[in-house]
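# Structural features, examined
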Amino acid sequence: MKNILESRFMVEMMKTASNMYRLGWDERNGGNISYLLADYDLSLYLDLSKVERVIPLGFDASPLKGQCFLVTGSGKYFKNVETDPENNLGIVRIGEDGVSAELLWGFKDGGRMTSEFPAHLMSHMARLEKDEENRIVMHCHPTYTLAMNYVHPLDEKEFTHSLWQMCTECIVVFPDGVGVLPWMLCGTNEIGEATAEKMKTFRLVIWGMHGIYGAGKTMDETFGLIETVEKAAEIYMLTSSLPRINTISDDQLKELAEYFGVKYRKDFLSC
Ligand code: 2HA
Ligand code: ZN
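Attention here is on the structure that accompanies the text.

Cut-off values and rules
Residues numbered from 1 in each chain as written. Chains lettered and ligands numbered in written order. Predicted model: local features only at pLDDT ≥ 70, side-chain atom pairs only at ≥ 80, totals over all residues. Heavy atoms only, no water. Donors = N, O, S within 2.8 Å, 3.2 Å for Na, K, Ca; no water. Helix = DSSP H or I, 4+ residues; strand = E, 2+ residues; numbered from the N terminus. Buried < 20%, exposed > 50% of the residue type's maximum accessible area, 1.4 Å probe, protein only. Core = buried A, V, L, I, M, F, W, Y, C linked by side-chain atoms within 4.5 Å. Contact = heavy atoms within 4.5 Å. Near = heavy atom within 4 Å. Polar contact = N/O pair within 3.5 Å; in protein donor to acceptor, adjacent residues only side chain to side chain. Areas by Shrake-Rupley, 256 points an atom, 1.4 Å probe, with all protein chains shown as cover. Nonpolar A, V, L, I, M, F, W, Y, C, P; charged D, E, K, R; others polar. Phe/Tyr/Trp six-rings, centres within 6.5 Å; stacked < 30°, edge-to-face > 60°.

## Some thoughts on the coordination of the zinc ion (ligand 2)
- At the metal site, the zinc ion (ligand 2) is ligated by His139 (NE2), His141 (NE2) and His210 (NE2), and these contacts range over 2.0 to 2.1 Å.
- Mapped onto the sequence, the residues coordinating the zinc ion (ligand 2) show the spacing H-x1-H-x68-H. Of this pair, His139 sits in strand β6 (residues 136-140) while His210 sits in the loop between β8 (204-207) and β9 (211-216), and the two are 71 residues apart along the sequence. The residues His139 and His210 share a single accessibility class, namely buried.

Here's what the structure looks like:
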């Protein structure tokens, strides 16, 4: 057997969690990541017939049955993932019944998947419908994005437009815009369903006054989406209380999107 701690997916997960922690996006147990391991032969690392525990999901994830996910643990700190992966991470396989998860590795201290696992799996299902190569769902609490939630209308057209105006690259990186949910109780199937509904059209979803969800093909792509939103939100927060004398116009945003050939939300511009 190969050492799973040296696998590419594990190293990516550990490095990303540390990176996000150091950026201040994942205080205490804030944030969670799930990684669909469909591109890896897990039998090189694990005895796939050995199920450590069966953990109920609390909803039907049948479309994902048999799929394996590397996921952060409930109540666990991103700060500790890299130094103690076996307690802070787990690999689960969605059971044949579609409503349970089979623990194959990790959560050594009796832990379980993040409380946001319903939102993650529902988001994976929604994104896979759009893009069969989607692998990552990531949630965190980036500081400036969250700050912006308190001073900017929580309207997805207006929010996206403000972000697009803050850095030239924004409309190219997230031409599909940012979906916005109002404040909702987290950890529930309801917020999971609402997130997944937004994920049908957006790869980024703001949870009002809580944080952000991102989805993508790779860890880098997903991280980069959130990083770009956060950078734009930082510029917004640094400038919003000052008189603005320059801006990127809608004509210029359109010019950018057309030049880079991205399919953008035309209805989010007024030209
Ligand atoms: O897992 O961020 O939304 C901790 C959270 C809950
Ligand atoms: Zn959160």
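That was the structure; now back to the text.
## Observations concerning unusual backbone geometry
- A positive phi angle is found at Arg28, which is not glycine, with a value near 45°.
- With respect to the secondary-structure elements, Arg28 resides in the loop between α1 (8-22) and β1 (32-36).
- Here Arg28 falls in the exposed class, since its relative accessible area comes to 55%.
- The backbone phi angle of Met209 is positive, close to 55°, even though this residue is not glycine.

## A few points about the nonpolar core
- Judged by nonpolar contacts, the single largest core of 85 residues is most densely connected at Phe9, Leu70 and Ile91.
- Here the element with the most residues in this core is helix α9 (residues 219-239); it accounts for eight residues.
- In this view, Leu70 contacts Phe9, Met10, Met13, Ile33, Ser34, Tyr35, Leu37, Leu89, Gly90, Ile91 and Trp105; residues no more than four positions away in its chain are not counted.

## Topic: the site of ligand 1
- Taken together, the residues surrounding ligand 1 are Asn29, Gly30, Gly31, Asn32, Thr114, Glu116, His139, His141 and His210.
- Measuring from an oxygen atom of ligand 1, one finds a backbone N or O atom of Gly31 at 2.9 Å.
- Between ligand 1 and Glu116 there is a distance of 2.7 Å, counted from an oxygen atom to a side-chain nitrogen or oxygen.
- A total of 220 Å² of accessible area belongs to ligand 1 in isolation, and the protein chains cover 89% of it.
- Its residues assigned to classes, the shell around ligand 1 comprises no nonpolar, eight polar and one charged.

## So, the packing of aromatic side chains
- Under the definition given, this model contains eight aromatic pairs.
- Judged by centre distance (6.2 Å) and plane angle (90°), the rings of Phe69 and Phe117 are edge-to-face. Separated by 48 residues along the polypeptide, Phe69 in strand β3 (residues 68-72) and Phe117 in helix α4 (residues 117-130) bring together distant segments of the chain. The same class applies to Phe69 and to Phe117, which are both buried.
- Between Tyr259 and Phe260, the aromatic rings sit 5.1 Å apart at their centres with planes inclined by 90°, giving edge-to-face as the arrangement.
- According to the relative accessible area criterion, Phe260 is partly exposed, its value standing at 48%.
- One aromatic cluster in this structure is built from Phe9, Tyr35, Tyr40 and Tyr45.

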